[in-house]
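What the coordinates show
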Amino acid sequence: MFEGQSVSLSCEEDDSSAGWTLRRNTTTDTRTECGTGWGRSAGSVCNIRYMVPWDSGVYWCESREGATSKSINISVTGGSVILQSPVLPVMEGHDVTLHCKTKTSSNLPAAFYEDGSFIRTEPAGHMTIRHVTRSDEGLYKCDITGHGESPPSWLTVTGGILSTGRPIKAPLTSAAPTSGVTPPISAGPPPDSDHLHLVFRLLCHLVVFCPYCISTFIMVSLYRQRPTGNVLPISMVITPPTQAEEGLDDDYDDVITAVTTEHHF
């Protein structure tokens, strides 16, 4: 989109739009909701009256329960030429039309490029790709002589269902289709399953390590309470010799003494 244009984004689920809000990721903010520093929220509709380059980013719908729609890329430029491409992935076999335009005209001759390679020049400024396939997916741009080159726009082609889970539609714009900068690989909404997985792992670690901590504490407490002392109490008992032993003592000068030691713990 050109800087200064307005856009309206809406979230829809079947015939209802209740409970859905619009969020975005840009270079300056992450997962911010419409109405919190950008845009004006009206239920499940978000209106941005004046688009600026830092509004470029990834936009998606999110429900109160955390369900998310497909994300779209919006690119805003202060230049004089833009290339408009579909905001949603295009199904294989369908036709796609790319529009190259300036702020004042949309039917000037334009040269089209895919991934940096020249495709062809269209005299009316728009190029149609018939029966698209996965091989047509890529980064497109256009050039209008005397006006300049457009920022790149990513075209996504899919052969499956556009959204997963519940039948949620992606944010729709009432303005002309906007162009993407790069495919939304890592900039989209974070999946809730990752958060649940982290919480589960944390609980498992607590369950495993808590018994070790408790047993260590008990052993330290018992060690600190053990009795201390330098010498163990020892008693000595001397047993006198019997008469048989006295008879044997006549031949010896020494007396055999039995010593019994008792240890008290």
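What comes next concerns the included structure. Residue numbers run consecutively from 1 along every chain, following the written order of its sequence. Given that the model is predicted, a residue must reach a pLDDT of at least 70 before its local features are reported, and side-chain atom pairs must reach 80 or more before they are shown or counted; all residues, however, enter totals for whole chains, interfaces and linings. Processing note: side-chain calculations cover all non-hydrogen atoms of the structure and skip hydrogens and water entirely.

What follows deals with the sheet that holds strand 8 (residues 81-84). Think of a sheet as strands paired side by side through backbone hydrogen bonds, with each pair either parallel or antiparallel. Spatially, 8-10-13 is the arrangement adopted by the 3 strands of the open sheet, whose pairing is antiparallel. If you trace the sheet from one side to the other, it starts and ends with strand 8 and strand 13 (126-129), each paired once. Shown here is a sheet whose adjacent strand axes are inclined to one another by a mean of 15°, direction ignored. Only strands that DSSP links by at least two bridges are regarded as paired with each other. Helix numbers and strand numbers start at the N terminus; a helix is a DSSP run of H or I with at least 4 residues, a strand a run of E with at least 2. One ladder, built from 4 bridges, connects strand 10 (residues 96-102) with strand 13; its direction is antiparallel. Looking at the pairing, Leu-98 lines up with Met-127 of strand 13. To define axes, lines are fitted to C-alpha atoms, for helices over the stretch in contact only, and angles between the resulting N-to-C directions are given on a 0 to 180 degree scale.

Bringing the side chain of Thr-26 into the picture now. With respect to the helices, strands and loops of the structure, Thr-26 is situated in the loop between strand 2 (20-25) and strand 3 (32-33). For each residue, the accessible area found with a 1.4 Å probe, counting protein chains only, is set against the maximum for its type, and the residue is called buried under 20%, exposed over 50%, and partly exposed in between. On the accessibility criterion, Thr-26 (14% relative accessible area) is buried. At 3.2 Å, the side chain of Thr-26 and the side chain of Thr-28 are in polar contact. Side-chain atoms alone can form a polar contact between residues adjacent in sequence; in general such a contact is a pair of N or O atoms within 3.5 Å, and within protein one must be able to donate a hydrogen while the other accepts it. A distance of 2.7 Å separates polar atoms of two side chains, one belonging to Thr-26 and the other to Asp-29. Any two residues whose heavy atoms approach within 4.5 Å at even a single point are treated as in contact. Those residues in contact with Thr-26, other than ones at most four positions away along the chain, are Trp-54, Asp-55, Ser-56 and Gly-57.

Further remarks concern the packing of aromatic side chains. In this analysis, rings of Phe, Tyr and Trp, with Trp reduced to its six-membered ring, are considered paired at centre separations within 6.5 Å, and the interplanar angle assigns stacked below 30 degrees, edge-to-face beyond 60, and tilted for intermediate values. Inspection of every chain in the model, using the stated rule, returns 2 aromatic pairs. Pairing Tyr-113 with Phe-118 gives two aromatic rings, centres 5.6 Å apart and planes at 65°, and the pair type is edge-to-face. Tyr-113 gets classed as partly exposed once you look at its relative accessible area, which sits at 22%. Given the relative accessible area of 49%, Phe-118 is considered partly exposed. Two conditions define a charge located above a ring, namely a distance within 6 Å from the ring centre to NZ of Lys or CZ of Arg, and an angle within 35 degrees of the ring normal. Lys-141 extends its terminal NZ or CZ atom over the ring of Tyr-113, reaching a point 5.8 Å from the ring centre.

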